[in-house]
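Listed below are the residues making up each chain.
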Amino acid sequence: MVRDLPHRQFQQRFSTDLNQLPQVVQWLSTAKPADCPETVWQQVNMALIEGFSNAVRHAHRQLPPETPIDVRLALFSQRLQLMIWDWGPPFDLEAALQGRAQTLQRPDYDPLAQERQWGVQIFLKLRQEFGWRIALGRTENDRNCLTFEKQFEAPHRETEVSES
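Residues numbered from 1 in each chain as written. Predicted model: local features only at pLDDT ≥ 70, side-chain atom pairs only at ≥ 80, totals over all residues. Heavy atoms only, no water.

- Under an unreviewed UniProt entry, the name given to the protein is ATP-binding protein, and the source organism is Lyngbya confervoides BDU141951.

### Notes on the overall build of the protein
And then number 1: If you tally the helices and strands in the protein, you get four helices and five strands.
And then number 2: Going from N to C terminus, the protein has its helices and strands arranged as β-α-α-β-β-α-α-β-β.
And then number 3: The buried share of the protein, reckoned over its 164 residues, is 43%.
And then number 4: Sequence-distant contacts, at least 24 apart, represent 66% of the contacts inside the protein between residues at least 6 apart. (Helix = DSSP H or I, 4+ residues; strand = E, 2+ residues; numbered from the N terminus. Buried < 20%, exposed > 50% of the residue type's maximum accessible area, 1.4 Å probe, protein only. Contact = heavy atoms within 4.5 Å.)

### A word on the side chain of Lys150
And then number 1: As for its placement among the helices and strands, Lys150 is situated in strand β5 (residues 144-151).
And then number 2: For Lys150, the side chain forms a polar contact with the main-chain oxygen of Phe130, separated by 2.3 Å.
And then number 3: In this view, Lys150 contacts Val40, Gln43, Gln78, Arg79, Leu80, Phe130, Gly131 and Trp132; residues no more than four positions away in its chain are not counted. (Polar contact = N/O pair within 3.5 Å; in protein donor to acceptor, adjacent residues only side chain to side chain.)

### Section: the nonpolar core
And then number 1: Counting 36 residues, the largest nonpolar core has Leu73, Leu80, Leu82 and Phe148 as its most contacted members.
And then number 2: Looking at this core, the elements that each hand over two or more residues are β1 (8-15), α1 (21-29), α2 (38-59), β2 (68-76), β3 (79-86), α3 (93-105), α4 (118-130) and β5.
And then number 3: With eight residues, α2 is the single largest residue contributor to this core.
And then number 4: Apart from the residues lying within four places of it in its own chain, the contact partners of Phe148 are Ala47, Leu80, Gln81, Leu82, Ile84, Phe123, Trp132, Arg133 and Ile134. (Core = buried A, V, L, I, M, F, W, Y, C linked by side-chain atoms within 4.5 Å.)

### Let's talk about the pattern of salt bridges
And then number 1: Here the structure, examined in full by the defined rule, presents seven salt bridges.
And then number 2: With a shortest N-O distance of 2.8 Å, Glu38 and Lys32 are connected by a salt bridge.
And then number 3: The exposure class assigned to Lys32 is partly exposed, which follows from its relative accessible area of 34%.
And then number 4: For Glu94, the salt bridge is made with Arg127, and the minimal N-O distance between the two is 2.7 Å. (Salt bridge = Lys/Arg side-chain N within 4 Å of Asp/Glu carboxyl O.)

Following this line, the structure appears as structure tokens:
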């Protein structure tokens, strides 16, 4: 399958610091494509906030604050791809997603009693209910790469009808 090349890319490096979150969100806001539906844009914002927060809180928990977290947004024709690289240990995201899916199906599950794994639940919802492709891979230089990818249709613009 031939993949198209992005027509625009945005990349930024952030330090391992939750106080960087406003800058992370601001960075993403500069990249919004005009043809991206608002709901998809809200979802990519949520994915970035949760992915960045997880890198800081979990993957980089034992690492110094200057350890970089790299983020890239690639814009294609009616598709976007968000990638977040961290230096944490390997993590089995698929097992976490499957475990959370099983937990959600239990009749005694109470979401308000849950203290952890909100990120996994958000990722699961993005995948199952909104059609996001989400994967966590390991790079050759021992980094995790969390990838979110979404196809979308450009919003329909109403055409002007002239009165005769």
